[in-house]
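Examining the three-dimensional arrangement
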Amino acid sequence: MKYSIVDTHCDTLCRVLDDSCSLNENDCHVDIDRLSVYKNYTQVFACFIDPAYKSCAVQRTLDLIDAFHRNTSELPENVKAVLSIEGGEGIYSLSALRNYYQLGVRMAALTWNYSNHIASGALEMDETRGLTDFGVKVVREMNRLGMLVDVSHLNDKSFYDIVACSNEPIIASHSNSRSVCRTKAVCPVERNITDDQFECIKKSGGYVGINFCPDFLNEGGRANIDDIVKHIDHFMTLGGENCIGIGADFDGIERLPDGINGVQDVYKVFDRLLQLGYTDEQAEKISHKNFEKILEKYNA
């Protein structure tokens, strides 16, 4: 397939671990066989720490990291796998963070929707709660290590606290637009980001990956490829040509947009962009080049 693609978020590792299935070939949204049909494909695999594992978060994190390495030790030349953490419950100390880095983790989302000892999530009811004192130390150590701070799932207070203390690019690996004023092509839910937050990410040299979850694409809860494109269009109006891409959230969402059944269909988004008049250069930036620049900086 002609496209090179980077997808900055999937939760398929959880399925691989819990269902004892192979990452090479499976009935999940993502497997290596389907990734390999593209010209090049870089997939970021998240170690998602479900709240059910809060009491054993370290072990869960390590089990997922182990599953990642066992399943990605021999990849086709055109497939690359990057490791991230989603939910910082297992980051109980800075030494733990450093050890995760040594094990290959290059990105981390500090919460998953709810508050923990590091930050507050998007569903936190107390809007005054943000990054904790320990959370500030975590962000600064991530900056020092070269581990990307992922602001997807954070509440607004935590987001701006990170903007204030981070001196490295900030990413939202799988978030859409929350704007309610500039265009109708948006979805004002807590998990999405505002125009001002997008500007902060852009100013940091960061990145936003478009999430394929229908609930985050429009308020009706049902979506198609054009809904994905509308969020891309909106960020483009904000000058986002050099800092947007996709973070599909495959196997982290129960429903997909019409026309998208898994990684095998991601190319359709870029076909649609070209049909709508996007240039080849713009499509290539969004499909892979924007995040590749960041990966190169962090040697990921």
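Read on for an overview of the structure. From a predicted model like this one, the values you see are computed outputs, not experimental measurements. (Residues numbered from 1 in each chain as written. Predicted model: local features only at pLDDT ≥ 70, side-chain atom pairs only at ≥ 80, totals over all residues. Heavy atoms only, no water.)

**Observations concerning the packing of aromatic side chains**
In total, this model carries nine aromatic pairs according to the counting rule given. On the numbers, 5.0 Å between centres and 65° between planes, the contact of Tyr-38 with Tyr-41 is edge-to-face. Assessed through its relative accessible area of 2%, Tyr-38 is described here as buried. Tyr-41 gets classed as buried once you look at its relative accessible area, which sits at 1%. Centroid distance Trp-112 to Tyr-114: 5.8 Å. Interplanar angle 65°. Geometry classified as edge-to-face. Under the relative-accessibility criterion, Trp-112 is labelled partly exposed at 23%. Residue class for Tyr-114 comes out partly exposed when judged on its relative accessible area of 42%. (Phe/Tyr/Trp six-rings, centres within 6.5 Å; stacked < 30°, edge-to-face > 60°. Buried < 20%, exposed > 50% of the residue type's maximum accessible area, 1.4 Å probe, protein only.)

**Some details on helix α10 (residues 267-275)**
Among the residues of α10, Val-269, Phe-270 and Leu-273 are the ones counted as buried. One side of α10 carries all its buried residues, which in axial view fall inside an arc of 90°. Along its buried surface, α10 packs onto β1 (4-10), α9 (225-237), β8 (244-246) and α11 (280-297). Directly after α10, the chain includes Gly-277, whose backbone phi takes a positive value near 105°. (Helix = DSSP H or I, 4+ residues; strand = E, 2+ residues; numbered from the N terminus. Arc of directions from axis to C-beta. Contact = heavy atoms within 4.5 Å.)

**Observations concerning the environment of Lys-2**
Turning to its location among the elements, Lys-2 is positioned in the segment before β1. By relative accessible area, which is 58% here, Lys-2 ends up exposed. Between the C-alpha atoms of Lys-2 and Asp-63, which are 61 residues apart in sequence, the distance is 35 Å. Every residue in contact with Lys-2, bar those within four places of it in the chain, is listed here: Lys-39, Asp-271 and Leu-274.

**Quick notes on the nonpolar core**
Leu-110, Ile-162, Phe-212, Ile-232, Phe-250, Val-266 and Phe-270 are the most contacted members of the largest nonpolar core, which has 81 residues in total. Setting aside chain neighbours within four positions, we find Leu-110 in contact with Gly-87, Gly-88, Asn-116, Ile-118, Ala-119, Leu-131, Val-138, Val-139, Met-142, Asp-150 and Ile-162. Counting eleven residues, the second-largest nonpolar core is a separate cluster that includes Val-44, Val-82, Leu-148 and Ile-294. (Core = buried A, V, L, I, M, F, W, Y, C linked by side-chain atoms within 4.5 Å.)

**Brief notes about the packing of helix α6 (residues 156-165) against helix α7 (residues 195-203)**
It is the contact of α6 with α7, at a shortest axis distance of 11 Å, that shows an interaxial angle of 25°. By the angle between their axes, α6 is roughly parallel relative to α7. For the element pair α6 and α7, the recorded crossing hand is left-handed. On the side of α6, the interface is formed by Asp-156, Phe-159, Tyr-160 and Val-163, while α7 contributes Asp-196, Gln-197, Cys-200 and Ile-201. In terms of residue class, the contact of α6 with α7 is made up of five nonpolar, one polar and two charged. (Axes fitted to C-alpha atoms, helices over the stretch in contact; angles between N-to-C directions. Parallel < 35°, antiparallel > 145°, perpendicular 65-115°, else oblique. Left-handed = near helix turned anticlockwise from the far one by under 90°. Nonpolar A, V, L, I, M, F, W, Y, C, P; charged D, E, K, R; others polar.)

**Comments concerning α7**
Burial in α7 covers these residues: Asp-195, Gln-197, Phe-198, Cys-200 and Ile-201. Backbone geometry just after α7 places Gly-205 at a positive phi near 85°.

**Topic: the pairing of β1**
Where burial is concerned, most of β1 is hidden: seven out of the seven residues are buried. In this structure, β1 lies alongside strand β2 (residues 40-48), joined through five bridges in parallel fashion. Bridge assignment links Val-6 to a residue of β2, and that residue is Thr-42. (Pairing = 2+ DSSP bridges.)

**Points about the pairing of strand β3 (residues 79-86)**
For β3, a buried count of six out of eight residues is recorded, marking the element as mostly surrounded by other parts of the structure. Pairing of β2 with β3, which is carried by eight bridges, proceeds in the parallel orientation. Bridge pairing in β3 links Tyr-41 to Val-79. Viewed along the sheet, the connection from β2 through helix α3 (residues 57-72) into β3 turns out right-handed. Looking at chain direction, β3 and strand β4 (residues 105-109) are connected through four bridges and run parallel. Looking at β4, one finds that Ser-84 is bridged to Met-107. Handedness of the β3-helix α4 (residues 94-102)-β4 crossover: right-handed. (Right-handed = clockwise from strand over helix to strand, strands pointing away.)

This is a description of form; function is not addressed.
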